[in-house]
Structure formats: C-alpha cells, structure tokens
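# Structural features, examined
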Amino acid sequence: MFRLDHLCLGVRDLADGVRRIHAETGLAYYDGGAFAAGIANTIFPLGGDAYLEVEAVTVPAAEQEPEVAWFDRVVADGDRWMFWSLRADTLEEMTAVAQRLGGEVARVPGRVQPDGTQRVITTAPGPGRALDTCWRRGLPNWFYRADPATNPDRGLTGHGERGAAVTRLEIGADTGELAEHIGAETVDRLPLAIVPGRPGVHAVTVRTGSGREVTLRRDPAEL
C-alpha cells in the first residue's frame, strides 16, 4: 500500500520562509537539519506520518554545486512547491515500483539532524531519475521507512499546533497518467484533487489537533 509521505516547499530564505508559513497556518515545526550539499530544512508535521519539509539553500552562490544552484534559481522569485512523495509499506512494493519505472531502489545519505545524526533514505526510482520520471509531470517518487518511529512526522515540535491529518492535496497532473503511475486504488485512497495548471503541488489542506483546517497554497516550481 502507498501512503502520502511528504511535500517539499522551496523558499529563498529558510528563517523567513518558516516564519511566514507558521504565521499563515499556525502549524508547529522543528529544525530538520541540513544536507551536505548546502540545503537546510525545517519540518512541519502534518499528521498520519506525513509532513511538510521547507527547504532553502544556505551556501553562497560562489560555493554552490550545480544542483544547489538550480534549486536557488527555482525559488528566486518566491516560495515554490518542489515535489511530493509517497511511502511504500514494504520494500517489496517499492522494488516493484522501481522495476516498473526502469529505475532502482537506492539507499543514499539524507540530511544531518541538529544532533549530528546522519539520516539514510531508501528511495525510488533512484538517484537522478525522480526529476524527469516524476516531478516534472506532477507525479510523486517513493520512500520506504523500515522503522516508522523515525518518521519525521513524529519529531518533537514547538511553536504552534501539530497537524493531525492531510484532508486535501491539490495536484496539477494528467489524471490518467497519475492513476497509471501510483495505481487507481492509491488515487482513490488519498485526498487528492486534480487541478488545472502547471504540473505539481498547488495546495495542501491540513486538519490540526483542535479540528481547525488550514490551507497552504503556493505555485508549483517550473522544473
């Protein structure tokens, strides 16, 4: 079974972006750490083992690797949804996905948490394939988490109200292509709304622990 894992929102400046998103939604968050290439992130738990990661480049332009410089250009004019990802319940399910897409299941270094812990992620369809195979078409890639206790949605937060559930996820994509990509049963299970416009995430609505619903709406990145 496939479930919503996370959404990525790119911002120009991390502290400013987090401040604005918290002011707009009231959602709680915590420092997620940083990737070796020079991108840092903050985690907003959304409930149901799904989360929002807000990311920004943290190194000067002269020190940026090509992928990081590309990210910085994408968010030059403001916040942009970068991608969304699903989570497979089993490694066998994700292996089948990777084979179907002509890729592989890869274990690669993720972010280093503020406590110094190096996270390792298991993902498909593999390094260098998600952008063209998935994200540019508004489609998700996949993750697998062997230990649910390490899911970022379960991290300790402050500064607001935790999300309890994603109740609506607006995606720009071809309906038939999306169903073929993730399976019709997954389309039916997730709170998806297919909307016109550029491929990618357009908005997410979250129900908080108090029953309040908040919507975060931004433009998808031009990938």
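For the structure itself, consult the block above.
Notes on the structure follow. No experiment lies behind these values; they were computed from the predicted model shown. Each chain has its residues counted from 1, following the order in which its sequence is written. In keeping with the predicted nature of the model, local features appear solely for residues at pLDDT of at least 70, side-chain atom pairs appear and are counted solely at 80 or more, and the whole-chain, interface and lining totals rest on all residues. Each side-chain value is worked out from all heavy atoms of the structure, with water and hydrogens disregarded.

### Examining the overall build of the chain
- Secondary structure elements follow DSSP: runs of H or I of four or more residues count as helices, runs of E of two or more count as strands, with numbering from the N terminus. Tallying secondary structure elements over the chain gives six helices and 12 strands in all.
- The C-alpha atoms of the chain give a radius of gyration of 16 Å, which matches the 17 Å a tight globule of 223 residues would have.
- Think of it in three bands: with a 1.4 Å probe and only protein chains considered, a residue is buried below 20% of the maximum accessible area for its type, exposed above 50%, and partly exposed in between. For the chain, with 223 residues in total, the buried portion stands at 52%.
- Counting only contacts in the chain whose residues sit at least 6 apart along the sequence, the fraction spanning at least 24 positions is 66%.
- The convention is simple: Lys and Arg are positive, Asp and Glu are negative, and His and the chain ends are not counted. Taken as the charge centre is NZ of Lys, CZ of Arg, CG of Asp or CD of Glu, depending on the residue. Charge-centre separation for the chain: the mean point of 24 positive side chains lies 2 Å from the mean point of 32 negative side chains. Each radius of gyration reported is based on C-alpha atoms, and the globular scaling rule is 2.2 Å times the count of residues to the power 0.38. In what follows, a contact means two residues having at least one pair of non-hydrogen atoms within 4.5 Å.

### What to know about the pattern of salt bridges
- A side-chain nitrogen of Lys or Arg and a carboxyl oxygen of Asp or Glu constitute a salt bridge if their distance falls within 4 Å. The full count for this structure, using the stated rule, is 16 salt bridges.
- The salt bridge involving Arg218 is made with Glu24; its shortest N-O contact spans 2.9 Å. Here the residue Arg218 occupies a position in the segment after strand E12 (213–217), and Glu24 occupies one in helix H1 (residues 14–25), the gap between them amounting to 194 residues.
- Here Arg154 makes a salt bridge to Asp49, at a shortest N to O gap of 2.8 Å. One end of the pair, Arg154, is in the loop between strand E8 (141–144) and strand E9 (163–172); the other, Asp49, is in the loop between strand E3 (39–47) and strand E4 (50–57), with 105 residues separating them in the sequence.
- A relative accessible area of 44% places Arg154 in the partly exposed class.
- Its relative accessible area of 15% is what places Asp49 among the buried residues.
- What you see here is one network of salt bridges that share partners, running through Asp16, Arg19, Arg20, Glu24, Asp79 and Arg218.

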